[in-house]
Amino acid sequence: MQSQGLISETARAIVLALVGGGVGTGLVGADDGALRFRVQPLFMDANEGCALADVDQDGRMDVIAGRNWYAAPGFTPRPLRMIDDWDGYVLSNGDHVYDVNGDGYPDVVSGGFMLEEVHWYENPGPEGLARGHLWRQHLLIQTGATENEGQLLTDLDGDGVPEWLVSSWNKKSPLVAWRLENLGRVETEAVTRRIVIGASGNGHGLGLGDLSGDGLADLLFEDGWYERPADHALDEPWSLHEDWSIHASIPMLVVDVDGDGRNDVIVGEAHDYGLYWLRQVADGDGVRFERHVIDDTFSQVHALHLADLDGDGDEELIAGKRVLAHNGNDPGAHDPPCLFYYQWDPKGATFERFTLDEGRVGVGLQIHTADLDGNGRTDILVAGKSGTYLLFNE
């Protein structure tokens, strides 16, 4: 039944691609002064994860999204892996790209909301990709954890090899990183080592950035942040600072919003209304964070992204509504999908919103950007329960 479902969804996506010029595709961005984007639907399922990589190593960036990858420049769907549906979701909570076996072709690393196992999916290389082979599944990490909200695959200690971080909705769960070892060897499986960042103090939300001002990346979560030790980052617990409480997005973004030299935090309410920035303010020998509203008109701000969309050298903030994040049980869950970008003025720390799409394109768990059509402009990829979409910057 699983393969039949995949075939039917693929056929549906191909039909969308064939008729896309007249149905479901068009220029958006009607606001005065807004950039204009052409929306191209790729697939319709409940998958909420996506990534960008040069899958076939032809020099063009391709799309990865759940069950399929999409070859540039046409972005037609090609099979990648089988994923079960689960209680209104696809049993996968993100796509992450890394060349695990060191063969020069990017692989996919992915976990699931209720799965203890994290797998990597082996890129089959030129012949397998050309023939539409499924990517071979390998066990990467046996976590023992089944309350997984989302992940980051990021290099915590600066050794060039990423670690796997998991946000748990259970606050009593430890915040851990999994160090990937024995990579780049095709003949053996990868080995992982469990690193405890904080024995207690997890929760919804995850981010990475320098809040202490020491040049080292700290870890952010629902109830504050963990300060990275100056040395031996993966050999000792990190210092906990409980400086806020918010049901936070993944990722939380660290950026100096007001230009005062201190990094601030941009964060969404993942399961309620609200997009905020937390201003870092000196307070005696320490700091505190003041919450300021960016936008409170839409809910389920579960994923955020920064990218330079207009080519002026400054990044814009991209945010939108995660579609049916809790299967319709969140405030505003049945409001129309929406996707926006924001420009801000550091002098007044004021944000101006521009519409990317309303009523059609929503957000899932990840947002990615790159120049996908070679015109020198930054395009946008999103995947969620309203479908997987490319937005081409026209």
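Preceding this section is the structure that the text describes.
No experiment lies behind these values; they were computed from the predicted model shown.

Caption draft 1: Looking closely at the sheet that holds strand 18 (residues 218-221). Spatial strand order, 17-18-19-20: four strands in an open sheet with antiparallel pairing. In this open sheet, the two edge strands, each paired with only one partner strand, are strand 17 (207-209) and strand 20 (239-241). Across this sheet, the average inter-strand angle for adjacent strands is 25°, counted without regard to direction. Of the pairings in the sheet, the one linking strand 17 to strand 18 comprises three bridges and is antiparallel in character. Bridging across to strand 18, Leu-208 finds its partner in Leu-219.

Caption draft 2: Just the packing of aromatic side chains, in detail. By the definition in use, this model includes nine aromatic pairs. Arranged with centres 6.1 Å apart and planes meeting at 50°, the rings of Phe-75 and Phe-392 form a pair that is tilted. Remark: Phe-392 occurs in strand 31 (residues 387-393) and Phe-75 occurs in the loop between strand 5 (68-71) and strand 6 (76-79); sequence separation between them is 317 residues. The exposure class assigned to Phe-75 is buried, which follows from its relative accessible area of 2%. For Phe-392, a relative accessible area of 2% translates into the label buried. These aromatic residues form a ring-pair network of at least three members: Trp-86, Tyr-89 and Phe-113. For the cation-ring pair, Arg-353 lies above Phe-340, with the distance from its terminal atom to the ring centre recorded as 3.9 Å.

Caption draft 3: Looking closely at unusual backbone geometry. For the bond running from Ala-72 to Pro-73, omega is 5°, close enough to zero to count as cis. In the Ramachandran plot, Gln-300 falls in the positive-phi region, its phi being about 60° despite a non-glycine side chain. Of note, Gln-300 is situated in the loop between strand 24 (286-299) and strand 25 (304-307). On the basis of relative accessible area, Gln-300 is assigned to the buried category, the value being 0%.

The rules behind each value
- Residues numbered from 1 in each chain as written.
- Predicted model: local features only at pLDDT ≥ 70, side-chain atom pairs only at ≥ 80, totals over all residues.
- Heavy atoms only, no water.
- Pairing = 2+ DSSP bridges.
- Helix = DSSP H or I, 4+ residues; strand = E, 2+ residues; numbered from the N terminus.
- Axes fitted to C-alpha atoms, helices over the stretch in contact; angles between N-to-C directions.
- Phe/Tyr/Trp six-rings, centres within 6.5 Å; stacked < 30°, edge-to-face > 60°.
- Buried < 20%, exposed > 50% of the residue type's maximum accessible area, 1.4 Å probe, protein only.
- Lys NZ or Arg CZ within 6 Å of the ring centre and 35° of its normal.

Remember, this is a structural readout, not a statement about activity or role.
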